[in-house]
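Descriptive analysis of the structure
Single-letter residue listing:
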Amino acid sequence: MRHVRYATLKETDVVILCGGFGTRLRGIINDRPKSMVEVVGTPFMDILINYLAKNGASRFILCTGYMGEFIKRYYENKEKGRRLKFIISEEKKPLGTAGAIKNAELYIESDPFLVVNGDSFCKMSFKEFLRFHFIKKAFLSIAVTTIEDSRDYGLVELNDNQKIINFNEKKFVEGTGLINAGIYLFSRGILKEIPHGEKQSLEFDIIPKILNKGVYGYKIKGPLLDIGTPERLEKAIIYFKGKIHDKKSRYYPD
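Below is a short write-up of the structure.

Procedures and definitions
- Residues numbered from 1 in each chain as written.
- Predicted model: local features only at pLDDT ≥ 70, side-chain atom pairs only at ≥ 80, totals over all residues.
- Heavy atoms only, no water.
- Helix = DSSP H or I, 4+ residues; strand = E, 2+ residues; numbered from the N terminus.
- Buried < 20%, exposed > 50% of the residue type's maximum accessible area, 1.4 Å probe, protein only.
- Contact = heavy atoms within 4.5 Å.
- Areas by Shrake-Rupley, 256 points an atom, 1.4 Å probe, with all protein chains shown as cover.
- Salt bridge = Lys/Arg side-chain N within 4 Å of Asp/Glu carboxyl O.
- 1 Å grid on protein atoms, 1.4 Å probe; cavity = no way out; pocket = protein on both sides within 12 Å on 5 of 7 lines; lining within 4 Å.
- Points joined across faces, edges and corners; volume = space filled by probe spheres on them.
- Nonpolar A, V, L, I, M, F, W, Y, C, P; charged D, E, K, R; others polar.
- Phe/Tyr/Trp six-rings, centres within 6.5 Å; stacked < 30°, edge-to-face > 60°.
- Core = buried A, V, L, I, M, F, W, Y, C linked by side-chain atoms within 4.5 Å.

1. Here's the deal with the overall build of the protein
Tallying secondary structure elements over the protein gives six helices and 15 strands in all. Across the 254 residues of the protein, 54% fall into the buried class. Taking contacts inside the protein between residues at least 6 apart in sequence as the whole, the part at least 24 apart equals 77%. Entry remark: accessible area of the protein is about 12,600 Å², with carbon and sulfur atoms responsible for 49%.

2. Side note on the pattern of salt bridges
Close approach of charged atoms allows side chains with opposite charge to pair. Scanning all chains against the criterion turns up nine salt bridges. Of the charged contacts in the structure, one is a salt bridge between arginine 59 and aspartate 13, with a shortest N-O distance of 2.9 Å. Here aspartate 13 lies in the segment before strand 1 (14-18) and arginine 59 lies in strand 4 (residues 59-64), a separation of 46 residues in the sequence. With relative accessibility at 4%, the residue aspartate 13 sits in the buried group. With its nearest N and O atoms 3.2 Å apart, the salt bridge here joins arginine 32 to aspartate 31.

3. Structural notes on empty space enclosed by the protein
Taken as a whole and assessed by the stated rule, the structure comprises two cavities of 30 Å³ or more. Considered as a void within the structure, the largest cavity measures approximately 60 Å³ in volume. Leu48, Leu52, Val116, Asn117, Ser120, Phe121, Cys122, Phe126, Ala181, Gly182 and Ile183 are the residues that line the largest cavity. Among the elements of the structure, helix 1 (44-54), strand 6 (113-117), strand 7 (120-121) and strand 11 (177-186) are those that each provide at least two residues to the lining of the largest cavity. The element contributing the most residues to the lining of the largest cavity is strand 11, with three residues. The residue inventory of the lining of the largest cavity, partitioned by class, reads eight nonpolar, three polar and no charged.

4. Brief notes about the packing of aromatic side chains
Using the criterion set out here, one finds 13 aromatic pairs in the structure. For the pair phenylalanine 44 and phenylalanine 240, a centre-to-centre distance of 6.5 Å together with 75 degrees between the ring planes defines the contact as edge-to-face. Separated by 196 residues along the polypeptide, phenylalanine 44 in helix 1 and phenylalanine 240 in helix 6 (residues 230-240) bring together distant segments of the chain. With respect to class, phenylalanine 44 is no different from phenylalanine 240; both count as buried. With a centroid separation of 5.2 Å and 70 degrees between ring planes, the pair formed by phenylalanine 121 and phenylalanine 240 is classed as edge-to-face. You can see phenylalanine 121 sitting in strand 7 and its partner phenylalanine 240 sitting in helix 6, a full 119 residues away along the chain. On the accessibility criterion, phenylalanine 240 (0% relative accessible area) is buried.

5. Describing unusual backbone geometry
Cis peptide bonds are those with omega within 30 degrees of zero, and the linkage from aspartate 111 to proline 112 qualifies with 10 degrees. Of note, proline 112 is situated in the loop between helix 3 (96-103) and strand 6. The phi dihedral of valine 40 falls on the positive side, at around 55 degrees, and the residue is not glycine. Among the secondary structure elements, valine 40 is positioned in the loop between strand 2 (38-39) and strand 3 (42-43). Take valine 40: its relative accessible area is 36%, and that puts it in the partly exposed class. With phi around 50 degrees, lysine 137 is a residue other than glycine that occupies positive phi space. Examined against the element boundaries, lysine 137 turns out to sit in the loop between helix 4 (126-135) and strand 8 (140-147).

6. A word on the nonpolar core
In this structure, Ile16, Leu52, Phe60, Leu62 and Leu114 are the most contacted members of the largest nonpolar core, which totals 53 residues. Per-element accounting of this core gives the leading share, eight residues, to helix 1. Those residues within four positions of leucine 62 in sequence are excluded, and the remaining contacts are Ile16, Cys18, Met45, Ile49, Ile71, Tyr75, Phe86, Ile87, Ile88 and Ser89.

Written out as structure tokens, the structure is:
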């Protein structure tokens, strides 16, 4: 049998969406972007980046918007003496999740490339995620997980082949459901589906329109942590307490 080689995370660009306003956290932080709020003594996005780096990632494209200079200064200093590469893709105006990815097109070199939200975290096997994407010959692969209260998340419906046949972003449906975990593997061709310079939502404007091109859901067990509200931020803090250890000034969750 011929050996099939799949891409590794080391060969895959990681695009991090970190341009949100974080309006629901304004009572807690107002001097930095939401993704940079401190959790157990370190910025949340550092936890995310170092987890990805532990899994092999080394080239990060940071899509900044609101208070983007804070992120730029921080990671320009972090890059010195490290094996990680940080590239800043700055929005001059709010472009939404899909618009931010399109805005970063010139910096994206790999095919596929990974996209993650800068305000959420979920443990998973990126090696298996990449393998899944190649086996399915997917146009887009989305990590999905089950949650008991799906009211504030996008519901996803899969067929027996794990192809996504229904994608309803934030329909406020009560009860247990399969949701979008905010972790994506994009084939480069998807960039042609996003208008340049326009505010576009990945969840509302793009994904529902490309389901017929081959969009698949990769099931993970979670838990999905996000810091979008004070309550969820507190849950993240509780989760990471005791799980983060300083290893030569690099923070990794176990």
